[in-house]
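Notes for the structure review
So the chains spell out like this:
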Amino acid sequence: MFSYCSDPASLEGLQWLSCYLTTGKHMGFYVAFGTVLLLLAITAPLALLFGFGGAIAARAHFLPLSWFGKGYIAIVRGVPDIAFFLFFVIALDQGIEWVRHKIKCPDWDQPIRQGSDFLVCDIAKMPLGTSPQWIHEVYGFSLAVVTFAIVFGAFAANVLYGAMSAVPRAQVETAEAYGMTRRQAFWRITVPQMWTYALPGLSNLWMVLIKATPLLFLLGVEDIVYWARELGGSKTAKFTDYPHGDWRMWYFLALLVFYLAFTKVSEVVLARITTRLSHGQATLGGEAQRKAT
Amino acid sequence: MSCLETIQAYAFRSLGYGERLLPRSDFTLCEHFTLIGSGMIWNIYFGTLAVISGFFFANLLAVAKNSSSAMWRKPAEWFIFVFRGSPLFIQFFFAYFLFLELKGFSPILDAFSSAWLGALVVLFFNTSAYSAEIFYGALRSIPKGDIEAADAYGLSGWHRFRRIMWPTMMRLAWPSYTNEAIFLFHATTLVFFSGFPAWRQQGDALYYANYFADKTFNPFVPYPILALYFIMLTLLIIGLFGLVNKRLNRHIPQERRTKMRLRPNLIR
């Protein structure tokens, strides 16, 4: 990157390191941190949305819908998350291709599953074999996002379900006494009030979500763990201008520090939000604030 | 092969007994069940040993974190922060490379780079940190009156801790500790999947489930089987921990007993 990097063999010490750390591949590594942050930024609201849907479904008076919501929560939480990550990525991929196959190739007469092969017609492939590399990457990334959202949606649904029932019953009864319908009482009373009860669970979930991001690499996204393994492995002079031994340990140390720092920052921010939200609430936290002033 | 023969051939495949080669094509349901079940041996091995050994260390850590002397408190706080703040996934990777580096130095250290010991050490530290935080929280919420009563009866130091504080701490922490144990068992699936390589294809349940899913390109058979095994394991843990909970609470009036509530909402 720097001008003096043109002849790596002549470099020494820190100068060598500064050139080494700015190679094209390292830039990919730094971009991967952005990928992880982007995933978190997209997944968190999406998972919250899934969770909200799940919680409403679980509360529904219509029995099959309520069973669906409760089943979703119970099953996803009862099974190791990593199994779900591996399962959903293949299942979603096949599901999408199957639907496209049904729509685009209605006159296809062979079975889709032949022994151990999953065959769909060429124009139903997702993404198409001819599409450029970036589409494949975006598709892989979106699959990962949806997978994360489904799994964390179940956890969020559990938290929100608890929070909705934690809203004092008397408040909802008052709303009903004022003539609000069930739906109105839900949107005007329960939903605005529940966040302070949901926050401890949701912040816990956020921490857990941060710590699940290294699993991206298992879903086929080129994330920081992928690059750390790639870049840290021993390099011989034959293949690169910057030969070095096995440095994977140092790369993983950097990842460890990144995650610890991220956790610490999140803890501080979440503590602030908790303080803000418990302001004026009829809870222990709110009461403590009232007494302090 | 009939199903019985399959079970004979593969039931202990994950430990290296029985058939050496994994089936390559025409997978039967029986093979799915047997091999994934065989892999569960590893999950149970890791989980059980880590929970039992971690329990003792977690107690030490919780007491250290509660200590008024910074010499004890700081190391415990840092230990808990590092192991709870970083992904288990990274911990496994990191530990594996660390153990590989150490491998040359002395023959005693060689065993650490294999999964059965190395991964167990990581899981032990990890579960110790999580449980220590639970125990610490329970230690902080022991009713003030209990301690005052102990003081009034002249109990102090070690006696007060062993007879009053520790049993109360256990009683308060037990429901959360149950969840922690369940999640540790779930976390054992990461051992062969991320950090430690599966030697001669002797992996855990997820390793075999993934093997089948890769070979057949059909996730809808092996993963539900894996889920079934794990749900059974979870129920077993809840049963066992429930017995302990009952014993811990036997002197408390019925309506004030701490309830076991299943709240697995942690991933590492």
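Keep in mind it's a predicted model, so treat the numbers as computed, not measured.

In terms of regular secondary structure, chain A is built from ten helices and two strands. Reading the helices (α) and strands (β) of chain A from amino to carboxyl end gives α-α-α-α-β-β-α-α-α-α-α-α. Per-residue burial over chain A gives 44% buried out of 293 residues. Taking all contacts inside chain A whose residues are at least 6 apart in sequence as the whole, residues at least 24 apart take part in 67%. For chain A, the exposed surface amounts to about 15,700 Å²; the carbon and sulfur share of it is 65%.

Looking only at helices and strands, one finds ten helices and zero strands in chain B. Secondary structure elements of chain B occur, N-terminal to C-terminal, as α-α-α-α-α-α-α-α-α-α. Principal-axis analysis of the C-alpha atoms gives chain B an extent of 75 × 50 × 25 Å. The buried share of chain B, taken over its 268 residues, is 51%. Within chain B, contacts between residues separated by at least 24 positions form 75% of all contacts whose residues are at least 6 apart in sequence.

This next bit is on the pattern of salt bridges. All names here are of chain B. Enumeration over the complete set of coordinates arrives at six salt bridges over all chains. Across the salt bridge formed by Arg 160 and Asp 151, the nearest N and O atoms sit 3.1 Å from each other. For Asp 151, a relative accessible area of 41% gives the class partly exposed. Salt bridges sharing common partners tie together Arg 73, Lys 74 and Glu 77.

With respect to the helices and strands, the residue Pro 45 of chain A is situated in helix H2 (residues 24–59). C-alpha separation for the pair Pro 45 of chain A and Gln 193 of chain A, spaced 148 residues apart in sequence, amounts to 19 Å.

Attention now moves to the state of the cysteines. Residues and elements named next belong to chain B. Counted under the stated rule, the structure contains one disulfide over all chains. Between the sulfur of Cys 3 and that of Cys 30 lies a disulfide, 2.1 Å long from S to S. Taking the sign of the S-S torsion, about 85° here, the bridge from Cys 3 to Cys 30 comes out right-handed. Residue Cys 3 is found in helix H1 (residues 3–10), and its partner Cys 30 is found in helix H2 (residues 29–66); the two are separated by 27 residues along the sequence.

Together, Leu 14, Leu 17, Leu 21, Met 27 and Tyr 30 of chain A make up a nonpolar patch on the protein surface, roughly 440 Å² of accessible area in all. Position of Met 27 of chain A among the secondary structure elements: in helix H2.

The partner chain A presents 37 residues to the 41 residues of chain B that form the contact. Taking both partners together, chain B and chain A bury about 3,800 Å²; carbon and sulfur atoms supply 76% of that area. Where chain B packs against chain A, one counts zero salt bridges. Taken together, chain B and chain A are joined by three residue pairs in polar contact (both at pLDDT 80 or more). Elements with a minimum of two residues in the side of chain B that touches chain A: helix H3 (70–85), helix H4 (88–102), helix H7 (157–187), helix H8 (190–195), helix H9 (205–216) and helix H10 (222–248) of chain B. By residue number, the principal contributor to the side of chain B that touches chain A is H4 of chain B, which donates seven residues. Residues of the side of chain B that touches chain A, tallied by class, amount to 27 nonpolar, nine polar and five charged.

So, about the side chain of Thr 189 of chain B. Residue and element names in this part refer to chain B. With respect to the secondary-structure elements, Thr 189 resides in the loop between H7 and H8. A relative accessible area of 1% means that Thr 189 is categorised as buried. Engagement of the side chain of Thr 189 in a polar contact is seen with the backbone oxygen of His 186, the distance being 2.6 Å.

Residue and element names in this part refer to chain A. Two elements in contact, helix H3 (residues 63–78) and helix H5 (residues 133–166), have axes separated by 9 Å at closest approach and are oriented at 115°. As for how H3 packs across H5, the hand of that crossing is left-handed. Contact residues: Lys 70, Tyr 72, Ile 73, Val 76 and Arg 77 in H3; Ala 149, Ile 150, Val 151, Gly 153, Ala 154, Phe 155, Ala 157, Asn 158 and Tyr 161 in H5. Broken down by class, the residue content of the contact of H3 with H5 amounts to ten nonpolar, two polar and two charged.

Cut-offs and rules
- Residues numbered from 1 in each chain as written.
- Chains lettered and ligands numbered in written order.
- Predicted model: local features only at pLDDT ≥ 70, side-chain atom pairs only at ≥ 80, totals over all residues.
- Heavy atoms only, no water.
- Helix = DSSP H or I, 4+ residues; strand = E, 2+ residues; numbered from the N terminus.
- Buried < 20%, exposed > 50% of the residue type's maximum accessible area, 1.4 Å probe, protein only.
- Contact = heavy atoms within 4.5 Å.
- Areas by Shrake-Rupley, 256 points an atom, 1.4 Å probe, with all protein chains shown as cover.
- Salt bridge = Lys/Arg side-chain N within 4 Å of Asp/Glu carboxyl O.
- Disulfide = S-S within 2.5 Å.
- Patch = residues over 30% accessible without salt bridge, like charges linked within 9 Å, V, L, I, M, F, W, Y side chains within 5 Å.
- Buried area = accessible area lost by both parts, 1.4 Å probe.
- Polar contact = N/O pair within 3.5 Å; in protein donor to acceptor, adjacent residues only side chain to side chain.
- Nonpolar A, V, L, I, M, F, W, Y, C, P; charged D, E, K, R; others polar.
- Axes fitted to C-alpha atoms, helices over the stretch in contact; angles between N-to-C directions.
- Left-handed = near helix turned anticlockwise from the far one by under 90°.

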